[in-house]
Amino acid sequence: MTPTLAQLENIAALCDRRWDFFYTRSKLASDPVYQAVVREIGQSDLPVLDIGCGIGLLAHYLRTCGHTAPITGFDYDKRKITSAEEMVVKSGHQGLAFSAGDARTGLPDFDGHVVILDILQFFTPDEQNALLTAAAARVAPGGKLVIRTCLRDSSGRYKITVLGDYIAKFTFWMKDAPTAYPDAQQFNEVLSAAGLQVKISPLWGGTPFNNHLIVAQR
Ligand SMILES: C[S@@+](CC[C@H](N)C(=O)[O-])C[C@H]1O[C@@H](n2cnc3c(N)ncnc32)[C@H](O)[C@@H]1O
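Residues numbered from 1 in each chain as written. Predicted model: local features only at pLDDT ≥ 70, side-chain atom pairs only at ≥ 80, totals over all residues.

**A few points about the overall build of the protein**
Then, in step 1: Helix and strand counts for the protein come out as 8 helices and 7 strands.
Then, in step 2: Counting over 218 residues, the protein shows a buried share of 39%.
Then, in step 3: Looking at the protein alone, contacts between residues at least 24 apart form 70% of all its contacts between residues at least 6 apart. (Helix = DSSP H or I, 4+ residues; strand = E, 2+ residues; numbered from the N terminus. Buried ≥ 20, exposed ≤ 12 C-beta atoms within 10 Å, placed from the backbone. Contact = placed C-beta atoms within 7 Å.)

Structural data, given as structure tokens:
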């Protein structure tokens, strides 16, 4: 299902901070990634681990679309984890848990679907490969690893994405500036070696960014 604007407003209304409210409202209405995740795992009963979950927008979007399996969010920004926990209390949703931690130094024990949206650019190539391998190890049989990232290539879209990530840093929305962007070959090599079947497709929506959806299935 696709949520109505009123349902997206309801998610935004869970935010206490003014900036989070406006960010959530426009992000959920304009970013195609949430609907893409619903298409991939929205009908499944397997639990979901959302690495770099931010304030937990994906969890609320999935619940709004009728998803009922447990969701664990993981992010190193304690401020965002606190906001995510406050939003869950307000929403009354069951089965949503959040914890703070750095994905460069380890992931929670887990078995299910794993989602990584827009965080790989903060990692070095070695850290990206380690995270992909650790995430793949947490994908259950029949489960999926769903990643949204900008791919490094020679396109104008790539340059615009890099600029956008620097703006996010200088407006203090992101703690860090981007470090490195992965290319398509990296996903094929690392995730195939981890035993997953990899599919990569553009996820541009109405945006100028060079975003792609990587779906790796066990
Ligand atoms: C662009 S935001 C995406 C938020 C969320 N995935 C979404 O799509 O709504 C990137 C998130 O990754 C988190 N992040 C970056 N590096 C991280 C790390 N090493 N460990 C855990 N979280 C990290 C940031 O705190 C931020 O919340």
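Further notes follow.
**Regarding the nonpolar core**
Then, in step 1: Of all hydrophobic cores here, the largest spans 54 residues; its most connected members are V37, I51, L58, V114, V115, I116 and L145.
Then, in step 2: Beyond its immediate stretch of four places on either side in the chain, V115 contacts V37, V48, D50, I51, L58 and V146. (Core = buried A, V, L, I, M, F, W, Y, C linked by C-beta atoms within 7 Å.)

**Section: the sheet that holds strand 6 (residues 197-202)**
Then, in step 1: In spatial order, the strands read 3-2-1-4-5-7-6; together these 7 strands make up an open sheet with mixed pairing. On the outer flanks of this sheet lie strand 3 (96-100) and strand 6, each paired with one strand and no other. Averaged over all pairs of adjacent strands, the angle between their axes in this sheet comes to 15 degrees, without regard to strand direction.
Then, in step 2: In the packing of helix 5 (residues 78-91) onto the sheet, contacts are made with strand 2 (71-75) and strand 3, and the angle to strand 3 comes to roughly 165 degrees. (Pairing = 2+ DSSP bridges. Axes fitted to C-alpha atoms, helices over the stretch in contact; angles between N-to-C directions.)

**Quick look at the pairing of strand 1 (residues 48-51)**
Then, in step 1: Here strand 1 shows no split at all, with V48 and D50 on one side and L49 and I51 on the other all buried.
Then, in step 2: Handedness of the strand 1-helix 4 (residues 57-64)-strand 2 crossover: right-handed.
Then, in step 3: Sheet topology note: the strand 1/strand 4 (residues 113-117) ladder contains 4 bridges and is parallel. Bridge assignment links V48 to a residue of strand 4, and that residue is H113. (Right-handed = clockwise from strand over helix to strand, strands pointing away.)

**Side note on helix 3 (residues 33-41)**
Then, in step 1: Listed in full, the buried residues belonging to helix 3 are V33, Y34, A36, V37, V38 and I41.
Then, in step 2: Buried positions along helix 3 lie against helix 2 (18-30), strand 1, helix 4, strand 4, strand 5 (144-150) and strand 7 (211-217).

**Concerning the pairing of strand 6**
Then, in step 1: Strand 6 sits mainly on the outside: 0 of its 6 residues count as buried.
Then, in step 2: Strand direction decides the pairing type here: strand 6 and strand 7, joined by 6 bridges, are antiparallel. Paired with I200 across the strands is I214, a residue of strand 7.

**Thoughts on the environment of T179**
Then, in step 1: With respect to the helices and strands, the residue T179 is situated in the loop between helix 7 (156-170) and helix 8 (184-193).
Then, in step 2: Along the backbone, T179 and V162 are 17 residues apart, and their C-alpha atoms lie at a distance of 9.9 Å.
Then, in step 3: Discounting residues that sit within four places of it in the chain, T179 has contacts with Q121, F122, F123 and T124.

**With respect to the environment of E189**
Then, in step 1: Checked against the element boundaries, E189 lands in helix 8.
Then, in step 2: Overall, the presence of 13 C-beta atoms within 10 Å leaves E189 in the partly exposed class.
Then, in step 3: Measuring from C-alpha to C-alpha, the distance between E189 and D102 comes to 24 Å, with 87 residues separating the pair along the chain.

**Structural notes on the environment of G205**
Then, in step 1: Position of G205 among the secondary structure elements: in the loop between strand 6 and strand 7.
Then, in step 2: Between the C-alpha atoms of G205 and S30, which are 175 residues apart in sequence, the distance is 8.3 Å.
Then, in step 3: In this structure, G205 is in contact with D31 and P32, ignoring residues within four places of it in sequence.

**Here we look at unusual backbone geometry**
Then, in step 1: One non-glycine residue, D118, lies in the positive phi region at around 65 degrees.
Then, in step 2: Along the chain, D118 turns up in the loop between strand 4 and helix 6 (125-137).
Then, in step 3: Residue classification places D118 among the buried residues on the basis of 20 C-beta atoms within 10 Å.

**Some words on the packing of helix 1 (residues 5-12) against helix 2**
Then, in step 1: For the pair helix 1 and helix 2, interaxial distance at closest approach is 8 Å and the crossing angle is 150 degrees. When you trace helix 1 past helix 2, the crossing you get is right-handed. Residues L5, L8, E9, I11 and A12 of helix 1 touch helix 2, and the partners they reach there are F21, T24, R25, L28 and A29.
Then, in step 2: By residue class, the composition of the contact of helix 1 with helix 2 is 7 nonpolar, 1 polar and 2 charged. (Left-handed = near helix turned anticlockwise from the far one by under 90°. Nonpolar A, V, L, I, M, F, W, Y, C, P; charged D, E, K, R; others polar.)

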